[in-house]
Amino acid sequence: MADNIVTSGKSSTPSLNPTRIICHVCQKQFSQYTCPRCNSRYCSLQCYKSHSLRCTESFMKENVVQELQQMQPDEQTKNKMLDILKRFHSEEEMDEDYSADSTLSEEIMEKILSGQEISFDDLSLEEKKRFHRAIAYGELSKMIKPWDPWWSKPSARKIHLSKEGTQLVQPLPEQELLDDNDVGSDEFSEAPLGPETPLPPLSRLSSKEPSPLLTVHLVDILYSYCFTLRLYNGDWRSDAVGSVMVVLSVSSVLGPGAQPETILEALSHCLEQVCCPAYRHMGGLQFGLGVIDDVISLFGLGTPALVCALCDMHRLIQEGGKEAKSERPRKLQRDGIRSTIKLAERKIYFIMCWVHEQPEEAWFSLAAIARAEKSSVMEFQRSNKAEKLNNKAEAKGKNLIEEI
């Protein structure tokens with residue numbers, strides 16, 4: 001006898017024959033399951049999920065609640081969760097502090113948007129503190145583009161001066177102008193201008209014959225010039241007084257130190273000053289040896305580039321002297337600085353006039369001597385390191401023998 005088919009939600013009277021009920025959802029298949037909430041009949045999981053959203057959501061909610069109630073976290077799990085929450089809360093506070101610290105006042109922002117210049121005095125007390133904090137942590141150094149020295153540019157080889165040593169107007173080649181427009185022009189990477197007035201002959205400045213040590217003094221002065229520009233990223237005008245103090249501290253010819261008699265003595269003194277704690281952050285001995293390469297590059301450019309470098313240094317000394325007068329330090333210290341700066345200014349001008357009268361072959365010889373002295377310094381450094389290693393090895397060997 002065939003099975004009875006029931007399509008109604010109500011069950012029929014029980015009989016000896018099994019009753020088959022059609023699925024209430026799809027109305028196509030025979031039902032095999034019953035919803036525990038609404039007693040609706042369904043045939044598959046898909047039909048159960050779509051038969052009533054209220055039933056499925058409440059069923060999942062009850063299962064989750066029961067599962068959570070059965071879970072009993074131990075102390076380790078609780079502490080781990082607390083640490084995660086504390087870390088998340090501290091990170092949120094740091095983000096809020098950083099966003100608060102990184103904002104400027106509306107007045108400063110208006111000046112920036114209008115294109116006005118902003119000085120340190122325009123900042124509030126809190127902004128000044130944040131500025132000093134950024135300097136201390138090195139955050140501002142990441143924003144500074146590495147300086148490309150003017151003597152390393154191709155245009156430095158095309159400097160021409162008049163017979164009197166004055167600057168000649170020279171247009172840059174079109175290709176170099178295009179390259180500068182592509183990467184952005186850098187005023188501190190351009191070769192400095194030469195003298196504005198004709199350089200007098202040495203016979204007018206002094207009745208005596210020039211000292212043969214002027215070549216040694218030139219190496220000393222050029223080294224202090226290159227190091228100062230490296231230190232200030234090419235912009236010595238940002239702190240003219242500080243730049244002068246750096247020059248006077250590195251150079252033994254312009255400063256209070258003893259006058260060197262050989263190029264090795266001059267370079268050794270400069271390297272010793274560069275490796276002192278005040279400038280050690282620049283890179284120590286390796287950086288100092290690199291500055292010797294800068295001096296050699298200047299010699300390779302010839303007389304016009306050397307005169308322009310010394311003229312730029314002469315301007316540096318002059319600007320530093322002017323600013324030193326307005327700073328009003330102690331009277332004795334002020335008078336000492338003024339006299340030292342004035343003497344350095346005269347020395348640089350004299351040696352600039354001397355350089356202008358020398359033949360080009362002299363600079364190639366000086367470059368070769370400086371290169372040889374650099375090699376000797378590097379060789380001495382390597383031998384000194386080897387000697388220290390040997391001394392350590394001998395000390396360890398003696399201790400081992402004593403123990404045996």
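Notes on the structure follow. (Residues numbered from 1 in each chain as written. Predicted model: local features only at pLDDT ≥ 70, side-chain atom pairs only at ≥ 80, totals over all residues. Heavy atoms only, no water.)

Observations concerning unusual backbone geometry
For clarity, the cut-off: The helix and strand labels rest on DSSP assignments: H or I over at least four residues marks a helix, E over at least two residues marks a strand, and numbering proceeds from the N terminus. For each residue, the accessible area found with a 1.4 Å probe, counting protein chains only, is set against the maximum for its type, and the residue is called buried under 20%, exposed over 50%, and partly exposed in between.
Within the chain, N39 stands out as a residue other than glycine whose phi angle is a positive 60°. Note on placement: N39 falls in the loop between β3 (33–34) and β4 (41–42). For N233, which is not a glycine, the phi torsion comes out positive at approximately 55°. With respect to the secondary-structure elements, N233 resides in the loop between α8 (214–231) and α9 (240–250). For N233, a relative accessible area of 28% translates into the label partly exposed.

Things to note about the packing of aromatic side chains
Stated formally: Centre distance within 6.5 Å is the pairing criterion for rings of Phe, Tyr and Trp, where only the six-membered ring of Trp is used; planes under 30 degrees apart are then read as stacked, over 60 as edge-to-face, and the remainder as tilted.
What the rule picks out here adds up to nine aromatic pairs. Note on Y42 and Y48: the rings are 5.2 Å apart at their centroids and 45° apart in plane angle, and the pair reads as tilted. The pair Y42 / Y48 is uniform in exposure class, with both members buried. Measuring from ring centre to ring centre gives 5.6 Å for W150 and W151, while their planes differ by 75°; the resulting arrangement is edge-to-face. Residue W150 is classed as buried on the basis of its relative accessible area of 1%. Pairwise contacts between aromatic rings join W147, W150, W151 and Y225 into one cluster.

Regarding the pattern of salt bridges
Counted only if it meets this: Basic side-chain nitrogens of Lys or Arg form a salt bridge, by our definition, when they fall within 4 Å of a carboxyl oxygen of Asp or Glu.
Tallied over the full model, the rule gives two salt bridges. Between R230 and D294 there is a salt bridge whose closest N-O contact spans 3.0 Å. Taken together, the residues span a long stretch of sequence, with R230 in helix α8 and D294 in helix α11 (residues 284–301) at a distance of 64 residues. The salt bridge involving D293 is made with K374; its shortest N-O contact spans 2.8 Å. Residue D293 is found in helix α11, and its partner K374 is found in helix α14 (residues 361–403); the two are separated by 81 residues along the sequence. Overall, the relative accessible area of 14% leaves K374 in the buried class.

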